[in-house]
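# Examination of the molecular architecture
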Amino acid sequence: MILQTPIFAAMPEVTPGQWVVLTGAATNVACALLGCFLVLRRMSMMGDALSHAVLPGLVVAFLFSGSMSILPLFAGAVACGLLTTFLIQTLHQYGRVPSDASMGVVFTSMFALGVVLVKKFVSGLHFDIACVYEGTLELVSLADPIGGLPRPLFTTLLVLLVNLAVLVLLWKELKLSSFDPALATTIGISATAMHYLLMTLVAVTAVASFEAVGSILVVAMLIVPAATANLLTDRLAVMVLLSAAVGVASSVLGYWAAAFWDTNIAGMMTVAAGLLYVLAVFLSPRYGVCSTLVRNVRMSLRVLREDLLAMLYRVEELGSQKQMTAAEASEAVGGGWLVGWGVRELVQKGRILRDGERLQLTDKGRQDARQLVRSHRLWETYLVQHLGMPLDHVHEPAHRVEHFINEQLRQELESEIDPSRQDPHGRDIP
Amino acid sequence: MSTVAFEIHDMTVAYQRRPVLWDIDLTIPEGNLVGIVGPNGAGKTTLIKAALGLVPLASGKVEIYGKSYRDQRRLVGYVPQRESVDWDFPVTVNDVVLMGTYGRLGWFRRPGRPERDIAEKCLEQVGMSAFANRQIRQLSGGQQQRVFLARALAQDAQLYFLDEPFAGVDAATESAIVDLLHTLRSGGKTVLVVHHDLQTVRDYFDHVILLNMRLIACGPVDTTFTNDNLQKTYGGRLTILDEAAEAMRQREPLR
Amino acid sequence: MTGLSLTEKVMIGTSLLGGMSGVVGCFAVLRGRSLVGDMLAHAALPGVCLAFLLMGTRNLLGLSLGALASGLLAIAAVTIIVRWTRTKEDAAIGIVLSTFFGAGVVLLSQIQKPGVGGSKAGLDAYLFGEPGNMLNGDLVLLTVVAVVVLVFVGLLFKEFQIVCFDTDFAQSQGWPTLRLDLVMMASLAVVTIVGLPIVGVILMTAMIILPAATARFWTNRLHVMLLLAGGFGIAAGLFGTKLGRGLPAGAAIVLTAASLFILSLLFAPQRGIVARLLAEYRLRKRIAREHLLRALYELSEAQLPELITLDLQTIQDYRYWRSLESLLQQAVEAGELQRSGKTFQFTPLGLRRAAKLTKAHRLWEMFMMQHVGIAPDHVDRDADDVEHLLPEGLLIELEQKLASEGRLPDVVEEVPISPHSLGADKATRP
């Protein structure tokens, strides 16, 4: 039989620990491939629902086949997965039950049914339900190997390949039906069929993973790396690859941590995945909390620098020979701890000269300030002429917007307004 | 000089740092029916939500009879857009109208006989008494709108905000709503209505607010609802405003 | 309390729990948060374990507080994720659920190490509860919590109602919608946590969702829904325990609740599937009858006021019919037609009804053509609507137009009340 052929006969000796990591990683990748679509379709909880709802299917398969071999179990998973998906859809569409409640109703009932079947017809070690929950990654070994691999690894790799194949073959169908199911259906890609296919694969993957990592942790592996990848990229293909990578990373990290603290491996892998997610929340270059904060601070700083320059310019314009001190400038732009920083930056960039406590514009600084004041006064003129705003109301808005007006916008403004060289307050537009 | 019911000072409202309403400044005297008119995306619903404190203001302020909204809630009635509600929720028509009295009741108190009487009267005013025990999902669009109106009437306010009350209702409901508005006005109330049908503005309203992300004009219909102003309102968006808005969203001048 | 047998205690305990789960579950289901109960149930595990590790004993109150803290932390985490990141709510719930549970599994494996004092049965008990172990202390706790929760719900009924139904409107009235939302979630958390050690994770999830979803089928009023949900919860607890001899108690209770759900789904009046199918059937029948009467009127119109007899063939050829014979028979039985062999004639009653229907139909046609510009063969409206939906002035104008074309049927106004109640057809309006 083809399954008996040792696939990795030529591989060097693999330690049990390494088998564990490989199994965990394989499970993670198999799940991540599907998980991306679950997350994007907002069906994350279907992973949870399916992993509970397959229980009766497994029991029936076990009873029928009399053994725990793969094929009957997968068959049971497929059948149950289809049934669950169907029931949830029907309840929602015909029973008018809200979709989340439909999920809850179906999976808890089916799980209860499974528990009853187990207690009534099955007894013994093979079906210790708690293990279904927490998995037995620690016990992954070469006992009962298939193809030279530990059994859980073999089944997981099998499922991984199937998932990968489906993804590759049906990539554009899955992509389209995830983003625009209506459009997909109209061009002949049945969104419903895609949905059922995806759910069936999830059910099978869940079952394959139970042995190793237990059902709740399957949920983690389905969703968490995918959600992490979602925070890091906007492109679907990249997201799938990243989620697989994050999945593998969490397997490796989880295993080390579990070995270090001598605890449950699958649980640790989940925690590792969660921590990676949190890291992404903070550090994601585009969407992370930290990068947002940094951007906000940079913006405030820039606004502050520009306010300082503009103010110095206006003071010069008034013809006063007086030079502003740093303290006065600070108060004029509203104070705060950033001001000192702003002043320092301006000095560094050669926009102002600091002579003791007094500040003075350099030529470059004056140039920058001119542009800013020009933006301000152009905007004020625009507000008065085009939006009909009263004179005493235009300074505040212009003060806010001036920092975001670039040269092109200035030219547009100039072409729009009445070409006098003065702003509504009677001052020159530089 | 009539009392000022509603006033907005230099209000800018931004959504995710991008301004959707620029520096709105207007005054509405008491006892007027005011239409708020503008193209899609002009910010009409945003204007109402900002006035009610449902969205934060980036700058400026709103005053109702001279004070902030928070101090004047009792004086304000609100009819939101129909889409904003879960129509499958288990409430009857009567339940919904009673909700208008909840603000007055305060914490923990249940609606009693006086509140039920008010609800009954308001239902009568909109011609929906026969439907009092119907679940709201069973109503047509026009009937749902009337129920919402009845709820606002039950609030017994001085200033009313109605968001697209005429959208998708039948002709009979439309004339019923207009009659109701006139009754309110004769009672000295002020009503602001987001309206989408230019043809009926002159017939329905005394004042009009023309809006397209910024205020084009605000004033009596005769002098304000002119072709010139309509051109400015519907003549397309000001690209300058769009570009500035986008720059502000990205936090720096566009490259 | 000591006079009660264990079985009685279990029944009382599960009934109390079922009752309050049903009540708080209503708000969860109506707000689309059915699966938050699932999340709370799983997320409580690390809290329980930490409490055990800190206290060293199995003190129910202590463990419950730990679970509560963990659960509330989970809710906070979901709220923060949804607000700060682009991760959507369903994924957030899945992430928090699985990560917290994974952490719990890790902690549990620490507890189960020899010397720490936990037992291997720990996870089993947590997942499935130990309803068979109902202690007096448990009963007291359940009663207290039930009373507190019910008092809260009773006091805050109208506040919860308005916040759930129309959040914007509630906010505009000044209600603190966010805080009220949190109170609802907190009550959900408390009930879930209290129930966990007794009935386990899956059952708790089921009890939050099933009774509420079941109750929804029976009523359109919120307070009735709350009462019914409580009642169904109690019933599931009572009968599940009683009937489920030999079955695991938790599963039996879930299956009882599920049976109640299925029965309601099918047989509830108005919202049940059977009732809706029946209503649809009756509507189709009514419409077919109206078409018949109108067709017969049109065939007889020219000869009015003389009543001609029509034979089956003429009627058959006039337009498309489905089961014409039975339609005609129904009309005869309703007193609208007189039959002699294969010929039919209007009765006075039938003529009046037919005239009324035809008039309404033609008014609609006219309205559509004149005011909406639709071609006549595209028009087909429910007869009743026209008087209710068109303003008086318009109606008169249309009637005059019809009369001038000689197409205004003569309707005598002492027609008896229409044969169908207003409720039925409004309920099936799209």
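## Some remarks on the overall build of chain A
- On a plain count of helices and strands, chain A comes out with 19 helices and 3 strands.
- Within chain A, buried positions represent 55% of all 430 residues.

## With respect to empty space enclosed by the protein
Residues and elements named next belong to chain C.
- For the coordinates displayed, the defined rule picks out 7 cavities of 30 Å³ or more.
- Around the largest cavity, the lining residues are Val-24, Phe-27, Ala-28, Arg-31, Arg-33, Met-184, Met-185, Ser-187 and Leu-188.
- For the lining of the largest cavity, the secondary structure elements donating two or more residues are helix H1 (6-30) and helix H9 (177-199).
- Among the elements that take part in the lining of the largest cavity, H9 stands out by supplying 4 residues, more than any other.
- For the lining of the largest cavity, the class distribution of residues is 6 nonpolar, 1 polar and 2 charged.

## As for the interface of chain A and chain C
- In this assembly, 56 residues from chain A lie in contact with 52 residues from chain C.
- Notably, a salt bridge pairs Arg-86 of chain C with Asp-234 of chain A, separated by 2.9 Å at the nearest N-O pair.
- Inspection of the region where chain A meets chain C yields 10 residue pairs in polar contact (both at pLDDT 80 or more).
- With 15 residues, the top contributor of residues to the side of chain A that touches chain C is helix H5 (residues 99-121) of chain A.
- When the residues that make up the side of chain A that touches chain C are grouped by side-chain class, the tally is 34 nonpolar, 13 polar and 9 charged.

## Observations concerning the sheet that holds strand S3 (residues 33-37) of chain B
All names here are of chain B.
- The 6 strands lie next to each other as S5-S6-S7-S3-S8-S9, forming an open sheet whose pairing is mixed. Each edge of the open sheet is held by one strand with a lone partner, namely strand S5 (76-79) and strand S9 (215-220). Going across the sheet, the axis of each strand differs from the next one's by a mean of 15 degrees, ignoring polarity.
- In this sheet, strand S8 (residues 207-211) lies alongside S3 in parallel orientation, the contact comprising 4 bridges. Looking at S8, one finds that Gly-35 is bridged to Val-208.
- Along the sheet face, helix H5 (residues 141-154) touches S5 and strand S6 (159-163) and points at about 170 degrees away from the line of S5.

## As for the side chain of Thr-241 of chain C
Residue and element names in this part refer to chain C.
- You can see Thr-241 is positioned in helix H11 (residues 222-243).
- When its relative accessible area of 10% is taken as the criterion, Thr-241 is described as buried.
- Contacts of Thr-241, omitting those with residues within four sequence positions, involve Val-10, Met-11, Thr-14, Ala-236 and Ile-253.

## Observations concerning the confidence of the model for chain B
All names here are of chain B.
- For chain B, the average pLDDT comes to 90, and 99% of its residues sit at 70 or higher.
- Within chain B, strand S7 (residues 190-194) carries the highest mean pLDDT (96), whereas helix H10 (residues 239-250) carries the lowest (84).
- Both scores are available for the predicted complex, with the pTM at 0.83 and the ipTM at 0.89.

## Notes on the pairing of S6 of chain B
All names here are of chain B.
- In terms of residue burial, S6 counts as a mostly covered element, since 5 of its 5 residues are buried.
- Here S6 shows no split at all, with Leu-159, Phe-161 and Asp-163 on one side and Tyr-160 and Leu-162 on the other all buried.
- In terms of strand pairing, S5 meets S6 through 4 bridges, oriented parallel. Across the sheet, residue Val-79 finds its bridge partner in S6, namely Leu-162.

## A closer look at the packing of helix H17 (residues 363-386) of chain A against helix H19 (residues 407-416) of chain A
Residues and elements named next belong to chain A.
- Look at H17 against H19: their axes get within 10 Å of each other, and the N-to-C directions meet at 40 degrees. When the axes of H17 and H19 are compared, the pair comes out oblique. Note that H17 runs across H19; the crossing there is left-handed. Judged by residue contacts, Gln-371, Arg-374, Ser-375, Leu-378, Trp-379, Tyr-382 and His-386 of H17 engage Glu-407, Arg-410, Leu-413, Glu-414 and Glu-416 from H19.
- Residues of the contact of H17 with H19, tallied by class, amount to 4 nonpolar, 3 polar and 5 charged.

The rules behind each value
- Residues numbered from 1 in each chain as written.
- Chains lettered and ligands numbered in written order.
- Predicted model: local features only at pLDDT ≥ 70, side-chain atom pairs only at ≥ 80, totals over all residues.
- Heavy atoms only, no water.
- Helix = DSSP H or I, 4+ residues; strand = E, 2+ residues; numbered from the N terminus.
- Buried < 20%, exposed > 50% of the residue type's maximum accessible area, 1.4 Å probe, protein only.
- 1 Å grid on protein atoms, 1.4 Å probe; cavity = no way out; pocket = protein on both sides within 12 Å on 5 of 7 lines; lining within 4 Å.
- Points joined across faces, edges and corners; volume = space filled by probe spheres on them.
- Nonpolar A, V, L, I, M, F, W, Y, C, P; charged D, E, K, R; others polar.
- Contact = heavy atoms within 4.5 Å.
- Salt bridge = Lys/Arg side-chain N within 4 Å of Asp/Glu carboxyl O.
- Polar contact = N/O pair within 3.5 Å; in protein donor to acceptor, adjacent residues only side chain to side chain.
- Pairing = 2+ DSSP bridges.
- Axes fitted to C-alpha atoms, helices over the stretch in contact; angles between N-to-C directions.
- pLDDT = per-residue confidence, 0-100.
- Parallel < 35°, antiparallel > 145°, perpendicular 65-115°, else oblique.
- Left-handed = near helix turned anticlockwise from the far one by under 90°.

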